[in-house]
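Report on the structure
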Amino acid sequence: MDPTHQGPEEYGQNANDSDRSDGRRRPSRESDAADFGQPTPQQVRVVQVTVGDLLLTVNPVDGSEVEACPPGSEPDAPVRRTPAERTDHERAGAPPVPAGPPAPQLPLLERQEERERLAGLLARGRSVRLTGQAGSGRTALLDAVAADCTDLAPDGVVRLSGHRRTAADLLYGVFDAIYRAPLHRPGPEELLALVRSIGAVVVIDDLEIGGAALDGLLEATPECAFLFGTAPDLTAPGVDAHLEEVLLAGLGRSASLELLEKVVERPLTEDERNWAGDLWFESEGLPLRFVQAGSLLRQRDRLNTDPAAFDEYEYFEPRPDDAPPVPEAPTAETLDVPLPSLGEGAAPAVLLASRLSEAARETLRFTVALGGEVPHQAHLPALVGDTHADAALGELAGCGLLSPAGPRYRLAAGVLAQLEAGGYAESAAAHARTAAQHYAWWVSHPSVTPQRAVAEADAIVAAMSRLVPDGEAGQASAAVLLARSAAPALAAGMSWGAWEKALRVGQEAARIAGEVAEEAYFHHELGVLALCSGNLDRARTELETSISMRGALADKSGAVAGRRALALVADRSGGFAPPVRSQTGEEVPAVRHDFLAGTPPVGSPAPPPFARQTVEEDPTLISSLPPGPRATAPKPGGGRVLLGGARRNLAAAGAGALLVAVLGTVVTLGLTAGDPEEPGSRNVTTEQSSPEGTPEDASPADEPDEGPAPDDGAPGEEAPATPGTSASATPSTSGSPSPAPSSPDGSSPGTGEPSSTLPTEDPTSDGPSPSGKPTTPTKPPTTPPTTPPTTPPTETPTTPPTETPTEEPPPPPDTTSSASGPAESAGASASSTADAPAQSDDPTEAAA
């Protein structure tokens with residue numbers, strides 16, 4: 001059958017699949033889809049988490065979105081766990097039991113005094129810090145004390161790991177152990193109110209914080225008694241912490257030998273006792289050294305029994321059928337494996353690893369590449385390439401090379417340095433890249449829950465951190481892929497400490513690899529994380545960086561998500577959002593103040609009372625805005641001021657209204673102008689509007705003149721400006737010159753010629769001017785008569801030419817122009833001045 005035409009099976013009508021009668025096609029298996037080159041459909045997991053009064057939507061595609069929690073969708077109040085639920089929660093957070101035969105339970109030797117003292121201090125409500133070297137048995141003593149204090153506090157005992165954990169991580173860990181709040185992360189204030197009422201014994205091993213951070217943790221939980229296991233070099237808390245100090249020393253000689261016998265499970269020989277005495281003197285009685293030394297003695301016993309136990313076919317591997325038979329064990333007199341040297345007993349990691357299976361040694365190589373973090377035993381078969389590699393965890397734990405750390409294992413103290421010196425770090429980059437690729441596939445699988453990803457958070461972060469400083473090609477890209485896949489899962493699992501580490505490592509890796517889109521994603525996520533944590537300044541910086549990068553990439557959906565988060569940051573900051581740099585194709589209108597609203601430029605004369613404002617063909621809007629509570633007066637010089645929000649909308653609306661009024665006036669004047677040859681035609685040459693209370697037929701020429709105008713000036717020649725006038729009301733931002741306003745004396749500012757608003761006497765007439773005052777005749781220009789343009793030109797001459805008035809009576813007032821207001825008058829004056837015809841030698845033509 002043709003694979004592209006499968007007949008009834010294509011529509012779900014296969015006779016063999018009676019349960020698929022709904023018409024849906026059977027989904028292909030993952031392996032088959034990969035074989036035919038079809039991409040496996042991945043399910044996008046969008047998780048909503050409530051963070052205080054915010055709703056965080058973890059979106060792995062465009063970036064997380066955060067908004068105010070809508071009304072009615074507030075989460076339920078956290079509920080206290082029952083004792084049974086607390087027990088289940090503690091069991092889920094314990095490290096997994098290694099595969100293989102169970103390890104022997106070692107006794108707690110010479111620790112009874114410290115055990116009773118610690119339990120007594122905790123019973124009195126005192127917090128204690130247990131200080132001891134790595135490998136001194138702190139973890140075993142803390143387990144014993146926690147078992148003694150089970151019924152001491154009303155909320156029981158809380159076990160936490162302080163390895164690579166901050167004070168905030170520990171505080172949320174205490175909350176999660178006592179309260180049940182799915183998909184809800186309380187805000188700082190709510191968290192403090194909830195943990196303040198918790199009364200429990202909190203045991204934290206491998207604490208890495210001190211000083212003020214530790215003081216804040218103790219102050220936030222006054223009803224809890226803490227038992228910390230720390231190293232001696234950790235910063236001590238303040239005096240006000242009231243923290244007791246208990247030092248943990250090594251074991252004595254007899255207790256060390258007894259512990260060694262418990263590990264070997266037989267009595268020691270005289271030579272072994274002497275060797276153990278030297279080891280006790282060198283290690284200062286650390287119990288970890290004797291656990292590892294006992295493993296060396298067990299391997300020696302196995303070699304004495306089976307010399308080929310650790311040869312080509314490992315002890316844990318089956319011997320093939322065609323392999324040579326195992327020789328019989330020789331007598332004790334002929335085969336006696338020597339004891340390890342004192343140096344091998346003090347640093348036994350390399351010798352112990354050489355006698356383990358190949359899967360265990362390969363696991364150690366991955367562990368060294370991850371900085372000491374051991375992957376979960378479920379990942380070892382895929383990483384190592386052996387189906388039975390999960391048993392390697394039991395081998396390593398039985399030899400004393402591992403120690404528990406929260407829900408996982410890590411290399412014991414000092415083992416990492418010994419393995420690196422033994423050559424296990426030679427291929428660390430390749431192993432780290434393999435682990436990163438495996439975790440990137442695993443954490444993106446739909447069957448992996450965020451809680452499982454959180455349990456492997458330290459190994460995931462260690463894998464990507466190992467790849468970032470490496471200069472080999474492709475390493476940074478692998479780290480970016482892992483961070484991009486793991487960050488949403490860590491955020492949904494509310495392990496925000498690991499989430500932040502993954503984002504920062506991923507951002508650095510994306511910068512090194514040159515992947516701008518991924519770098520913008522990490523900046524966006526860091527901004528969202530800072531916003532949810534209350535750090536608004538950092539959130540604003542990260543979000544603005546992300547918006548700029550996504551704008552350059554034309555990522556509209558990502559830029560929109562960033563702007564929404566940035567708007568929320570501005571709302572939480574109590575102010576307007578800062579102006580974001582406009583993208584390509586977006587024009588921001590510039591609004592500036594005129595001089596009437598502020599101080600004129602230094603050195604310029606004051607404008608006249610009725611100086612008009614010129615609106616030019618320029619995108620700049622000239623608007624007079626009074627200074628408000630959030631707007632300051634313009635500086636001298638009329639600088640541009642960017643307005644945002646409603647104020648910019650008002651300025652744009654005013655500009656539109658003013659432009660419509662000016663255009664209406666120009667059209668009206670153009671329709672009423674007519675032909676100059678017709679008897680009824682006229683030209684409007686009014687330069688300024690009449691003041692209030694002035695009759696319509698009145699003219700500013702009735703006012704007394706300041707002085708006579710020059711009678712022999714050439715046309716176009718400038719004269720000194722009259723005192724008290726202004727060259728211009730506002731500066732022009734376009735290339736065309738703007739007509740200057742008229743002064744009260746009727747002269748144009750900047751020239752010595754009378755303005756066109758003052759009618760002059762016709763040289764051919766004997767009568768006085770229409771105003772009744774004698775005027776000085778002007779020298780007629782020599783330019784030939786021209787026809788006035790039908791439309792106003794774009795450029796206006798600086799000095800308008802004078803014209804000879806007619807002896808006709810003043811025309812009736814134009815109702816359209818008089819009802820338009822000052823804005824229309826200003827536009828009409830500009831248009832009329834531009835439409836004025838040039839003077840002619842013939843007075844009749846000038847009169848027409």
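**Some details on the nonpolar core**
One recurring pattern in soluble globular proteins: nonpolar side chains tend to sit buried together. Residues Leu56, Val66, Met464, Leu482 and Trp499 are the most contacted members of the largest nonpolar core, which totals 62 residues. Looking at which element gives the most residues to this core, the answer is helix H20 (residues 475-492), with 10 residues. Excluding anything up to four places from it in sequence, leucine 482 contacts Ala436, Tyr439, Ala440, Ile460, Ala463 and Met464. Of all hydrophobic cores here, the second largest spans 30 residues; its members include Leu171, Tyr179, Leu217 and Leu243.

**Some thoughts on the packing of aromatic side chains**
Under the counting rule described, the total for this entry stands at five aromatic pairs. Seen from their ring centres, phenylalanine 175 and tyrosine 179 are 5.4 Å apart, and the 20° between their planes marks the pair as stacked. What makes phenylalanine 175 buried here is its relative accessible area of 5%. For tyrosine 179, a relative accessible area of 5% puts it in the buried group. Judged by centre distance (6.2 Å) and plane angle (75°), the ring pair of tyrosine 439 and tryptophan 442 falls under edge-to-face. Here tryptophan 442 and tyrosine 439 lie together in helix H17 (residues 428-443), a separation of three residues that amounts to about one turn.

**With respect to helix H3 (residues 112-123)**
End to end, H3 covers 16 Å across 12 residues, agreeing with the expected 16 Å (1.5 Å per residue, within 8%). Among all positions in H3, only Glu114, Leu118, Ala119, Leu121 and Leu122 are buried. Each buried residue of H3 sits inside an arc of 160° when the element is viewed along its axis, so together they form one side. Relative to its buried face, H3 has exposed residues pointing more than 90 degrees away, namely Glu113 and Glu116. The secondary structure elements touched by the buried residues of H3 are strand E5 (127-132), helix H4 (138-148), strand E9 (201-205), strand E10 (225-230) and strand E11 (243-248).

**Quick look at the environment of glutamine 377**
For glutamine 377, the position within the fold is in the loop between helix H13 (358-369) and helix H14 (380-385). We classify glutamine 377 as buried; its relative accessible area is 15%. Not counting residues within four places of it along the chain, the set of residues in contact with glutamine 377 comprises Pro96, Val97, Pro98, Ala99, Asp390 and Leu393.

**Comments concerning unusual backbone geometry**
The bulk of non-glycine residues show a negative phi, and the bulk of peptide bonds are trans. Backbone geometry at glutamate 284 places phi at a positive 60°, although glycine is not the residue there. Along the chain, the position of glutamate 284 falls in the loop between helix H9 (270-283) and helix H10 (287-305). Taking relative accessible area as the criterion, glutamate 284 reaches 54% and is therefore assigned exposed. Notably, methionine 494 is not glycine yet its phi reads approximately 60°, a positive angle. The residue methionine 494 is located in the loop between H20 and helix H21 (496-513) in this model.

**With respect to the confidence of the model for the chain**
Put simply, the chain has an average pLDDT of 73, and 61% of its residues get 70 or more. Note on residues 1-42: pLDDT is under 50 here. Beyond four places in sequence and across chains, it has 23 contacts. Of the regions scoring below 50 in pLDDT, residues 812-848 engages in 53 contacts with residues more than four places distant in sequence or in other chains.

**Digging into the packing of helix H8 (residues 253-264) against H10**
Viewed as axis vectors pointing N to C, H8 and H10 meet at an angle of 40°, and their least axial separation amounts to 8 Å. When the axes of H8 and H10 are compared, the pair comes out oblique. Classified by chirality, the crossing of H10 by H8 is right-handed. Side by side, H8 and H10 meet where Ser256, Leu259, Leu260, Val263 and Val264 of the first sit next to Pro287, Phe290, Val291, Ala293, Gly294, Ser295, Leu297, Arg298 and Asp301 of the second.

Rules and cut-offs
Residues numbered from 1 in each chain as written. Predicted model: local features only at pLDDT ≥ 70, side-chain atom pairs only at ≥ 80, totals over all residues. Heavy atoms only, no water. Core = buried A, V, L, I, M, F, W, Y, C linked by side-chain atoms within 4.5 Å. Buried < 20%, exposed > 50% of the residue type's maximum accessible area, 1.4 Å probe, protein only. Helix = DSSP H or I, 4+ residues; strand = E, 2+ residues; numbered from the N terminus. Contact = heavy atoms within 4.5 Å. Phe/Tyr/Trp six-rings, centres within 6.5 Å; stacked < 30°, edge-to-face > 60°. Expected span 1.5 Å × (residues − 1). Arc of directions from axis to C-beta. pLDDT = per-residue confidence, 0-100. Axes fitted to C-alpha atoms, helices over the stretch in contact; angles between N-to-C directions. Parallel < 35°, antiparallel > 145°, perpendicular 65-115°, else oblique. Left-handed = near helix turned anticlockwise from the far one by under 90°.

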